[in-house]
Amino acid sequence: DNIIFSSLFDNGNLYKIEKLNNKYEYRIWTANDNAETIYRSKNNNPWFHFSISGLSQGITIRIYIASMSSSSGLYKHDMRPVYRCKTTNNKWIRIKHPIKISKSENQQTSP
């Protein structure tokens, strides 16, 4: 598979991608709000917005978001990200499984 991550669109905030050992596992970092401007917020990454293409139908991908800040409170109450794809007729659908939150020793911040 030729998987491509992108945030080259309005509100896209993908900063860095790391492919992990498993074929369909990735760790990503999001850019801070207003990154690269004088209004940049330090370590405030409560949301993420990016696209993935090139994934074959029926393949499950696992994404670890390394730069989430204090928004973990949202996920303690079973809030779940949404996604859409061609196989769902571009309808937004919540991911099936609850979010797992953990602190990482090698967590990096984005610009």
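Values in this document were obtained by computation on a predicted structure and should not be read as measured data. (Residues numbered from 1 in each chain as written. Predicted model: local features only at pLDDT ≥ 70, side-chain atom pairs only at ≥ 80, totals over all residues. Heavy atoms only, no water.)

Draft legend 1. Expanded view of the packing of aromatic side chains. A full pass over the atoms with the stated rule returns 3 aromatic pairs. Pairing phenylalanine 48 with phenylalanine 50 gives two aromatic rings, centres 6.4 Å apart and planes at 40°, and the pair type is tilted. Three or more aromatic residues link up through ring pairs in this structure, and these residues are Phe5, Tyr26, Phe48 and Phe50. The ring of tryptophan 29 has lysine 16 lying over it, and the distance from NZ or CZ to the ring centre is 4.6 Å. (Phe/Tyr/Trp six-rings, centres within 6.5 Å; stacked < 30°, edge-to-face > 60°. Lys NZ or Arg CZ within 6 Å of the ring centre and 35° of its normal.)

Draft legend 2. Focus on the side chain of serine 6. Looking at the secondary structure, you find serine 6 in strand S1 (residues 4-6). Reaching out from serine 6, the side chain makes a polar contact with the backbone nitrogen of leucine 8 at a distance of 3.2 Å. Setting aside its immediate chain neighbours within four residues, serine 6 contacts Leu14, Phe50 and Ser51. (Helix = DSSP H or I, 4+ residues; strand = E, 2+ residues; numbered from the N terminus. Polar contact = N/O pair within 3.5 Å; in protein donor to acceptor, adjacent residues only side chain to side chain. Contact = heavy atoms within 4.5 Å.)

Draft legend 3. Just the nonpolar core, in detail. Ile3, Phe5, Leu14, Tyr24, Tyr26, Ile28 and Phe50 together form the largest nonpolar core, which totals 7 residues. Contact partners of isoleucine 3, with chain neighbours within four places excluded, come to Tyr24, Tyr26, Ile52, Ser53, Gly54 and Leu55. (Core = buried A, V, L, I, M, F, W, Y, C linked by side-chain atoms within 4.5 Å. Buried < 20%, exposed > 50% of the residue type's maximum accessible area, 1.4 Å probe, protein only.)

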